[in-house]
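Notes for the structure review
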Amino acid sequence: MSSVSAVNSLLGSPTSSVNISSILAASTGASSTGIDVTSAVASAIAAARAPENNWNAEKTTLSSQTTALTSIQSATQAIATDLQLLNTLTGPLSARTVTSSNPNVLSATAASGTVSGTHTIVVNTLATTGAWYTDLESSPTSAIPATKFTITNAAGQTSSITTGSGVNNLTQLAAAINSATDSSGKTLGLTATVVSDSTGSRLAIISNTSGSGGDFSISSTDYSGTSWTSPDIGSGQTLGANTVAITVAGKTTNVATTSGETYAQLATAINALGLGVTATAGSDSNGTHLNIASTDGTTPFTINEPSFGFSQAVVGANANLTVDGVPVSSATNTVTGAISGVTLNLLGSSAGSPINLTVAADATQASTAITKLVNDYNTAIGLVNAQFQFNGSTNSEGVLASDPTLRALQSSLEQALNFVSTPATGTTTTPTLSSMGISVGQDGILSIDTAAFSKALTSNPGDVQNFFEGASLNGFAATMNNALNTFLAPANGAFTVDLRSISATISSLTDEINNFEANYITPMQTRLTAEFSKAEIALQQLPAQMAQINAELGLNSNGK
């Protein structure tokens, strides 16, 4: 293959970056500098791309506008979010704080919008939860006496529990009580658990409801006859606090037992009363018990057969207090309704001493919310103002300086600050932002005097709240938010429309560039590469052709 044919085969790729001059010089000995095809084509293409460069520059500007506009949109949305938080009856301006003069006895919380003021409260007694417990057993599974007792709740519903028949220890007794129901099939509202320590185990029964409505009692079925034997208790164990009522010939005598007392001590106490019955303590394989018999063997007696070792730990009772002189009873120590919007938490008795409870606006929450609004406003107006600042080094303004949306937003933000509150009735101490310590600088930037704002909020919380919320959520917050919604509405807000238009223009320019590349630049590059390559080959062949002609004509190298 000749050198020229070899070069032509390399030109099969129109985008080849091969330096044809170098190849020809090496293969044919040609010394002509020739044409740098790659550079020549690139120069021509670069000149042809002048319109495309303008389009790319326009895309760059539009992308910068998108970035700037999106930042301003986000900053404006932050203002709207702040305003929406303020424009609600449960927002920070409606928040209340409650101060107690004796927080160890009484604390409280207040719902949003609660009327401010001071109240006087006396806590007489706390609500208690009814509870009973059994005498000590050696373990949760130790055998307990066979007996029968009745649990009666505050509503008068009863349930009888029998031990000794599948209920033989404290664990089984707890399960029986927890599953017991009254005559209507309802559970008793009690919870029984076994409590163990280093001394042994007891059964504790506690009401699921505090107050007198949750109180309950435990009693045994009365016995009538001439001889009675108590349930056994384990050897070495003692009785709990209880009362034994013995009736002989219509006369009833109550015999009190104390916790830790033995059956022998109880027998001595009964015999000392001379009731016409004789009491003796006995024992068997199950433990110890008490025997009571008619002294003459024929006169019957009645005894309220005590269930084995049950003691009442706490009587369920309501809390009693006075609120601004009014007596209040509560089943729980969390009292609602005594003061509208306020929840009282009773922690102890004030022993007759009054406690002052002060409900006031929560200045901290309100100040935090307003400060955030001011800061977010300043961020947004700062971004807007920056677009209109002249840059001496570039001799231009921001990329959005000519955008009508930005001019409209700047005007809306500034006009919103001129809002004046006009109460439906009466007057107000805070008709404007400046009246509560919020001022506007020459550059449109806001500043807040937190001390002045806190003073206005503390002195006249209703006026401050009315300024932002209005009589029916139509105050400053709603007015400004409505103005911003013109720009922020997702479907047709000015930001959405503007960004959509910019995006469409960028897309159109991209299509224009792609079409220009495909339909003009690429064909032109192919054609120019082929043409310049042919010219290069011709130039490289010219010296050899001239030498051949001179030789045929008999001319020397100088053409003579």
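The next point concerns the overall build of the protein chain. Counting its secondary structure elements, the protein chain contains 12 helices and 24 strands. Taken over the C-alpha trace, the protein chain has a radius of gyration of 50 Å; the compact-globule value for 560 residues is 24 Å, which it surpasses by more than 25%. With the principal axes as the frame, the protein chain shows a C-alpha extent of 175 × 80 × 40 Å. By the burial criterion, 39% of the 560 residues in the protein chain qualify as buried. In the protein chain, the proportion of contacts linking residues at least 24 apart, taken out of those at least 6 apart, comes to 68%. Within the structure as shown, the protein chain displays about 27400 Å² of accessible surface, and the carbon and sulfur contribution to it stands at 53%. On the protein chain, the mean spot of the 14 positive side-chain charges and the mean spot of the 32 negative ones are 11 Å from each other.

Together, Leu-542, Met-546, Ile-549 and Leu-553 make up a nonpolar patch on the protein surface, roughly 380 Å² of accessible area in all. Looking at the secondary structure, you find Ile-549 in helix H12 (residues 494-553).

The antiparallel open sheet is built from three strands, whose spatial order is E11-E15-E14. With one partner strand each, in any of the chains shown, strand E11 (227-229) and strand E14 (277-284) form the two edges of the open sheet. Neighbour-to-neighbour, the strand axes of the sheet open up by a mean angle of 20 degrees, direction not taken into account. Pairing of E11 with strand E15 (residues 287-294), which is carried by three bridges, proceeds in the antiparallel orientation. Each bridged residue has a counterpart across the sheet, and for Ser-227 the counterpart in E15 is Ala-293. Along the sheet, helix H6 (residues 263-271) contacts E14 and E15; its crossing angle with E14, the most-contacted strand, is approximately 170 degrees.

Turning to unusual backbone geometry, a few remarks are in order. Despite not being glycine, Ala-249 has its phi angle at roughly 55 degrees, a positive value. Following the sequence through the fold, Ala-249 ends up in the loop between strand E12 (242-248) and strand E13 (251-257). In this structure, Leu-473 is a non-glycine residue whose phi angle is positive, near 55 degrees. By the secondary structure assignment, Leu-473 is in the loop between helix H10 (461-469) and helix H11 (476-488). Leu-473 sits in the partly exposed class, given a relative accessible area of 35%.

Another point: empty space enclosed by the protein. If you walk through the whole model with that rule in mind, you get three cavities of 30 Å³ or more. In this structure, the second largest cavity occupies an estimated 70 Å³ of space. Around the second largest cavity sit Ile-370, Leu-373, Val-374, Tyr-377, Leu-417, Leu-433, Ile-438, Leu-446, Phe-468, Phe-476 and Met-480, which together line it. The set of elements that each furnish at least two residues to the lining of the second largest cavity consists of helix H7 (363-387) and H11. Take the lining of the second largest cavity: its biggest share by element is four residues, from H7.

This structure, assessed with the given rule, holds five salt bridges. Among the salt bridges present, the one from Asp-376 reaches Lys-372, with a minimum N-O distance of 2.9 Å. Here the residue Asp-376 and the residue Lys-372 both occupy positions in helix H7, the gap between them amounting to four residues, near one helical turn. The partly exposed category is assigned to Lys-372, whose relative accessible area is 45%. The partner of Arg-527 in a salt bridge is Glu-531, and the shortest N-O contact between them spans 3.7 Å. Taken as a pair, Arg-527 and Glu-531 lie in helix H12 at a separation of four residues, close to a single helical turn.

Where helix H9 (residues 450-459) meets H10, the axes come as close as 5 Å, and the angle between the chain directions of the two elements is 110 degrees. Here H9 lies roughly perpendicular to H10, going by the angle between them. Contacts between H9 and H10 involve Phe-453, Ala-456, Leu-457, Thr-458 and Ser-459 from the former and Pro-461, Val-464 and Phe-468 from the latter. Classifying every residue of the contact of H9 with H10 by side-chain character gives six nonpolar, two polar and no charged.

Pairing within the open sheet is antiparallel, and its four strands lie in the order E10-E16-E12-E13. Since the sheet does not close on itself, it has two edges, and those belong to strand E10 (222-225) and E13, each with one partner. The mean angle between the axes of side-by-side strands here comes to 20 degrees, regardless of whether they run parallel or antiparallel. Relative to strand E16 (residues 301-304), E12 runs antiparallel, the two sharing three bridges. By the bridge assignment for E16, Val-248 is matched with Phe-301.

Parameters at a glance
- Residues numbered from 1 in each chain as written.
- Predicted model: local features only at pLDDT ≥ 70, side-chain atom pairs only at ≥ 80, totals over all residues.
- Heavy atoms only, no water.
- Helix = DSSP H or I, 4+ residues; strand = E, 2+ residues; numbered from the N terminus.
- Rg over C-alpha atoms; globule rule 2.2 N^0.38 Å.
- Buried < 20%, exposed > 50% of the residue type's maximum accessible area, 1.4 Å probe, protein only.
- Contact = heavy atoms within 4.5 Å.
- Areas by Shrake-Rupley, 256 points an atom, 1.4 Å probe, with all protein chains shown as cover.
- Lys, Arg positive; Asp, Glu negative; His and termini not counted.
- Charge placed at Lys NZ, Arg CZ, Asp CG, Glu CD.
- Patch = residues over 30% accessible without salt bridge, like charges linked within 9 Å, V, L, I, M, F, W, Y side chains within 5 Å.
- Salt bridge = Lys/Arg side-chain N within 4 Å of Asp/Glu carboxyl O.
- Pairing = 2+ DSSP bridges.
- Axes fitted to C-alpha atoms, helices over the stretch in contact; angles between N-to-C directions.
- 1 Å grid on protein atoms, 1.4 Å probe; cavity = no way out; pocket = protein on both sides within 12 Å on 5 of 7 lines; lining within 4 Å.
- Points joined across faces, edges and corners; volume = space filled by probe spheres on them.
- Parallel < 35°, antiparallel > 145°, perpendicular 65-115°, else oblique.
- Nonpolar A, V, L, I, M, F, W, Y, C, P; charged D, E, K, R; others polar.

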